[in-house]
Amino acid sequence: MAEKKATRKAAASKTTAAPVTVAAPRRRGAVKKEEVVINSESVGFRAGDVYQALAAAGKALSVADIAKAANITTEEAYLGIGWLFKEGKVKDEDKLITLA
């Protein structure tokens, strides 16, 4: 048992700059939990993903559609949209997001 704890502590002490996704154990009725790393680099990348998805679509999209087109989570889509709103690159049109 002590060996497992030592291994876990050693693994936990290593840090990486890449976003880490943590999933809860799957049980009947359990909801999958994810953590989103929020720093200027990861949010900037998500903003690029959102911008590319909107540019490729050529029309206004919902947040769910943006997340699907960009292959990111809705939380990451919100982060990217927030960045783009701040920069004045997107606008909302009746619950749809479009390029400004």
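Conventions adopted
Residues numbered from 1 in each chain as written. Predicted model: local features only at pLDDT ≥ 70, side-chain atom pairs only at ≥ 80, totals over all residues. Heavy atoms only, no water. Pairing = 2+ DSSP bridges. Helix = DSSP H or I, 4+ residues; strand = E, 2+ residues; numbered from the N terminus. Expected span 1.5 Å × (residues − 1). Buried < 20%, exposed > 50% of the residue type's maximum accessible area, 1.4 Å probe, protein only. Arc of directions from axis to C-beta. Contact = heavy atoms within 4.5 Å.

### Side note on the pairing of strand E1 (residues 90-93)
Relative to strand E2 (residues 96-99), E1 is paired through four bridges, and the arrangement is antiparallel. Its bridge partner lying in E2, aspartate 92 is registered against isoleucine 97. Linkage of E1 to E2, two consecutive antiparallel strands, is achieved through a turn of two residues, within which aspartate 94 is found at a positive phi near 50°.

### A word on helix H4 (residues 74-87)
Counted at 1.5 Å a residue, the expected span for H4 with its 14 residues is 20 Å, and the 20 Å between its end C-alpha atoms agrees. Among all positions of H4, only Glu76, Ala77, Gly80, Ile81 and Leu84 are buried. For H4, the angular spread of the buried residues around the axis is 135°, confining them to a single face. With respect to the buried face of H4, the exposed residues turned more than 90 degrees away are Tyr78 and Lys86. The inward-facing, buried residues of H4 contact helix H2 (40-57), helix H3 (63-70), E1 and E2. Phi turns positive, to about 75°, at glycine 88, one or two residues after H4.

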